[in-house]
Number of protein chains: 2
Amino acid sequence: MDFQDVIRKRRMVRAYTDDPVDPASIDRLITAARRAPSAGFAQGQYLVVVTSVETRQAIADLAGEPSYVEAGFAPWISRAPVHFVVCTSEADYHRRYQEADKVDDRGREIAWPVPYWWVDAGASMLLLLLAAVDEGLAAGFLGVHSIPGLRGLLEIPDDVTPIGVVTVGHPAPDRRSGSLERGWRAESDVVHRERWNKRT
Amino acid sequence: MDFQDVIRKRRMVRAYTDDPVDPASIDRLITAARRAPSAGFAQGQYLVVVTSVETRQAIADLAGEPSYVEAGFAPWISRAPVHFVVCTSEADYHRRYQEADKVDDRGREIAWPVPYWWVDAGASMLLLLLAAVDEGLAAGFLGVHSIPGLRGLLEIPDDVTPIGVVTVGHPAPDRRSGSLERGWRAESDVVHRERWNKRT
């Protein structure tokens, strides 16, 4: 699909049919996610790809899906045929920036004004969301509710942190997120030219 | 350009010709970046788009470009015709998650297990990098060296944090980053199926 169409069509979809996702599509999503950049090419991003019904239900339970279902909502998390659990390892970045080509004259690691392990994980997340659209699939994102819960369930090491789950499936009719009713911010609020206060 | 070609061709390019970037391309990059998702649709991502020679030189100076040039490297930062300074505002996320539909039963904001303001900024960064490729341009990323320096130079408010600069221009012959010699990690190291320790 054309890149511009992919970004235009991308939106968070929280309703999927019961149709399974082609394993070749899953592989292409993985390939896309692995193309994410990383500071110092640290490659501190990880994926746990879950298709098992039981594990998807356990992930949904950790996110409180049962109480949503009781309130009348559809079980969109457990129903998504594939969960891509996106993870990052801060430790990988420290290790990378303690190497000879990255330390300062005194052998010290940089001070990390910005925690790029989160930033780079966001790039991985976005690549999955876009690649799903390119496959004709729909994707959503579920923020992490319980890091210890996900670590325990998926046997994720202590120095790796799940940042959330990209849910992927074939789109079903859905209800748009209530948050979207807020509308987009004006471009003049969020995009500044040359410097923040300049008005052109 | 086809989405798969865009992601395959994307790489960090740190050499640009002196040709200016079409303002229509700049606008399309902005449009792409604004399509990034955000937690609760908080839209806490900001861009400062810089084309002025003097400001680009000042950004390069903050990143220590002069000492690189002294050491024999090309001034790739100042030479990039457009700088997209990607910013995020943690405060916007707190404000959003203090609204009625986001607080818990006792009116309290969530505990933020993951700082999504960095994650979402990473999505904006990646959209700029991809959209540049789609325009036939090249892009690089410069991590932030001095947050106070950039804030002062660009008049960025105190509750907004620059995370780095996406440099964009027409590609010139470049030297690949030394970090790439590390090679890609094996897929089996970074992608796990069903759970971390399972071997299939």
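Because the structure is predicted, anything quoted here is derived from the model rather than measured. (Residues numbered from 1 in each chain as written. Chains lettered and ligands numbered in written order. Predicted model: local features only at pLDDT ≥ 70, side-chain atom pairs only at ≥ 80, totals over all residues.)

**Some words on the overall build of chain A**
Selection criterion: Secondary structure elements follow DSSP: runs of H or I no shorter than four residues count as helices, runs of E no shorter than two count as strands, and numbering proceeds from the N terminus. Counting other C-beta atoms within 10 Å of a residue's C-beta gives its exposure: the residue is buried at 20 or more, exposed at 12 or fewer, and partly exposed in between, where C-beta atoms are placed from the backbone.
Along chain A, the regular secondary structure elements total nine helices and five strands. Counted from the first residue to the last, chain A has its helices and strands arranged as α-α-β-α-α-α-β-α-α-β-α-β-α-β. By principal-axis analysis of the C-alpha atoms, chain A measures approximately 60 × 50 × 35 Å. Residues counted as buried form 45% of the 200 residues belonging to chain A.

**Things to note about the nonpolar core**
The criterion, for reference: Any set of buried Ala, Val, Leu, Ile, Met, Phe, Trp, Tyr and Cys residues joined through C-beta atoms within 7 Å is what this text calls a nonpolar core. The contact rule is simple: place each C-beta atom from the backbone, and if two of them lie within 7 Å, those residues are in contact.
Of all hydrophobic cores here, the largest spans 120 residues; its most connected members are A:Leu127, A:Leu128, B:Leu127 and B:Leu128. If we skip the residues at most four places from it in the chain, B:Leu128 touches B:Leu29, B:Ala32, B:Ala33, B:Phe84, B:Ala139 and B:Val166.

**Topic: the relation of the copies chain A and chain B**
Convention followed: Least squares is the method for superposing the copies, and the C-alpha atoms it fits come from residues with pLDDT of at least 70 in both.
With an RMSD of 0.0 Å, the operation that places chain A on chain B is a rotation of 180° combined with a shift of 0.0 Å along the axis. In the structure described here, the two chain copies are related by an operation that fits a two-fold rotation axis.

**Considerations on the sheet that holds strand 3 (residues 138-143) of chain A**
As a general point, the strands of a sheet are linked pairwise by backbone hydrogen bonds and lie either parallel or antiparallel. So the rule is basically this: Strand pairing follows a simple DSSP-based rule, namely that at least 2 bridges must link the two strands. All axes are obtained by fitting lines to C-alpha atoms, using only the stretch in contact for helices, and the reported angles, taken between N-to-C directions, cover 0 to 180 degrees.
Read across the sheet, five strands follow the order 3(A)-4(A)-2(A)-1(A)-5(B) without closing on themselves; strand pairing throughout is mixed. In the strand order of this sheet, the two ends are held by strand 3 of chain A together with strand 5 (191-193) of chain B, each with one partner. Sheet twist, expressed as the average angle between the axes of neighbouring strands with direction ignored, equals 20°. Where strand 1 (residues 45-50) of chain A lies against strand 5 of chain B, three bridges are found, and the strand directions are parallel.

**What about the interface of chain A and chain B?**
Our working rule: Gly is put with the polar residues, along with every residue not named as nonpolar or charged; the nonpolar set is Ala, Val, Leu, Ile, Met, Phe, Trp, Tyr, Cys and Pro, and the charged set is Asp, Glu, Lys and Arg.
With 65 residues of chain A at the interface, the matching set in chain B holds 65 residues. Elements with a contribution of two residues or more to the side of chain A that touches chain B: helix 1 (3-9), helix 2 (23-34), strand 1, helix 7 (116-134), strand 3, helix 8 (147-154), strand 4 (161-169) and strand 5 (191-193) of chain A. Broken down by element, the residue count for the side of chain A that touches chain B peaks at 12 residues, all from helix 7 of chain A. Grouping the constituent residues of the side of chain A that touches chain B by class yields 39 nonpolar, 14 polar and 12 charged.

**Considering the packing of helix 3 (residues 53-62) of chain A against helix 8 of chain A**
Residue and element names in this part refer to chain A. Just so we agree on the cut-off: Here the angle decides the label: under 35 degrees means roughly parallel, over 145 means roughly antiparallel, 65 to 115 means roughly perpendicular, and every other value means oblique. What makes a crossing left-handed is the near helix being turned counterclockwise from the far one by less than a right angle; a clockwise turn instead makes it right-handed.
Where helix 3 meets helix 8, the closest approach of the two axes is 10 Å, and the angle between their N-to-C directions is 165°. Compared by their axis directions, helix 3 and helix 8 come out roughly antiparallel. In the crossing of helix 3 with helix 8, the sense of the turn from one axis to the other is right-handed. Mapping the contact onto sequence places Thr55, Ala58, Ile59 and Leu62 in helix 3 and Gly149, Leu150 and Leu153 in helix 8.

**A closer look at the packing of helix 2 (residues 23-34) of chain B against helix 7 (residues 116-134) of chain B**
All names here are of chain B. Packing of helix 2 against helix 7 leaves a shortest axis separation of 8 Å and a crossing angle of 145°. Here helix 2 and helix 7 pass one another in a crossing that is right-handed. Two secondary-structure elements touch here, helix 2 through Arg28, Leu29, Ala32 and Ala33 and helix 7 through Ser124, Leu127, Leu128, Ala131 and Ala132. Its residues assigned to classes, the contact of helix 2 with helix 7 shows seven nonpolar, one polar and one charged.

**With respect to the pairing of strand 3 of chain A**
Residues and elements named next belong to chain A. Across the six residues that make up strand 3, a large majority, five, are buried. Examined bridge by bridge, strand 3 and strand 4 share six bridges and lie antiparallel to one another. Bridging across to strand 4, Gly140 finds its partner in Thr167.

**A few points about the sheet that holds strand 4 (residues 161-169) of chain B**
Taken in spatial order, the five strands make up an open sheet running 5(A)-1(B)-2(B)-4(B)-3(B), and their pairing is mixed. The open sheet terminates on both sides in strands that have one partner only, identified here as strand 5 of chain A together with strand 3 (138-143) of chain B. Recorded for the sheet is a direction-independent mean angle of 20° between the axes of neighbouring strands. This element, helix 3 (residues 53-62) of chain B, spans strand 1 (45-50), strand 2 (82-88) and strand 4 of chain B of the sheet and lies at about 115° to strand 1 of chain B.

**Side note on the confidence of the model for chain A**
Convention followed: The predictor attaches a confidence to each residue, and that confidence, scored 0 to 100, is pLDDT.
Per-residue confidence for chain A gives a mean pLDDT of 95; residues scoring 70 or more make up 98%. Reported for the predicted complex are a pTM of 0.97 and an ipTM of 0.97.

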